[in-house]
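Listed below, chain by chain, are the residues.
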Amino acid sequence: MNKADLITRVSERTNVTQKVAKVIVDTLFNKMKESLQKGERIEIRGFGSFVVRNYGGYKGRNPKTGEVVDVPPKKLPFFKVGKELKELVNTVKPQEG
Amino acid sequence: MTKIDIIEAIYEKVGFSKKEVAKIVETIFDIMKEHLTREDKIKISGFGNFVVRNKRARRGRNPQTGDDIQITPRRILTFKPSQVLKAAINRKETPPSESSQV
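The structure displayed is predicted, hence computed values, not measured ones. (Residues numbered from 1 in each chain as written. Chains lettered and ligands numbered in written order. Predicted model: local features only at pLDDT ≥ 70, side-chain atom pairs only at ≥ 80, totals over all residues. Heavy atoms only, no water.)

The next thing to look at is the sheet that holds strand β5 (residues 74-81) of chain A. Residue and element names in this part refer to chain A. What the three strands build is an open sheet, ordered β1-β2-β5; its pairing is antiparallel. Edge positions in the open sheet fall to β1 (42-44) and β5, since each of these has one partner strand only. When strand polarity is set aside, the average angle formed by the axes of neighbouring strands in this sheet is 25 degrees. Relative to β5, strand β2 (residues 48-55) is paired through eight bridges, and the arrangement is antiparallel. (Pairing = 2+ DSSP bridges. Helix = DSSP H or I, 4+ residues; strand = E, 2+ residues; numbered from the N terminus. Axes fitted to C-alpha atoms, helices over the stretch in contact; angles between N-to-C directions.)

Attention now goes to the side chain of arginine 75 of chain B. Residues and elements named next belong to chain B. Along the chain, arginine 75 turns up in strand β5 (residues 74-81). No salt bridge is formed by the buried arginine 75. Its closest oppositely charged neighbour is aspartate 40, at 7.5 Å. Here threonine 37 takes part through its backbone oxygen, which lies 3.2 Å from a polar atom of the side chain of arginine 75. Of the polar contacts made by the side chain of arginine 75, one reaches the side chain of asparagine 54; its length is 3.5 Å. (Buried < 20%, exposed > 50% of the residue type's maximum accessible area, 1.4 Å probe, protein only. Lys, Arg positive; Asp, Glu negative; His and termini not counted. Salt bridge = Lys/Arg side-chain N within 4 Å of Asp/Glu carboxyl O. Polar contact = N/O pair within 3.5 Å; in protein donor to acceptor, adjacent residues only side chain to side chain.)

Residues and elements named next belong to chain B. In terms of strand pairing, strand β1 (residues 42-44) meets strand β2 (residues 48-55) through three bridges, oriented antiparallel. Paired with isoleucine 44 across the bridge in β2 is glycine 48. Where β2 lies against β5, eight bridges are found, and the strand directions are antiparallel. Residue glycine 48 lies in a different strand from β5, and its bridge partner there is proline 81.

Just geometry here; none of it tells us what the structure is for.
Below, the structure written as structure tokens:
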């Protein structure tokens, strides 16, 4: 499922037009993105939480040339699945071990 | 931030009551949860992908007691942030005031 599919389903289930559903879904993800940009934590009850983690810089190597390169410090978003969703996802067992 | 902040942002853009917006936001997360539970991945361009992965059974260890245990096969949900989101988070204009250090 992609964002367009999500918009369609939201529109079907809530009786809002596709156009309005698009504004709503876009605003939702934009707001989450803005929040992460500010380094804020996002908590969605029943779904999960997002945090921004800081990673220090280090000296890495270009695997092709062996050259030493400076990897600068960076921030990465990290998603922690909520307990409820984690259990829901796991209710459908993998087909084979 | 929580759902309330998302509801507020949407409320400012559409002509619905906060109660109606809250219901729609709830529906969005419900649809995503159902999809991840029954089917598979969700790709949100500009944000990231939610991916369900099947994990096989494997031997593990209870870190507290050191006992050998069997970890049952399971399905787990992971989030892979998009390049756009990663770039946005690392853009310099945001003040580094947070204490969300690992």
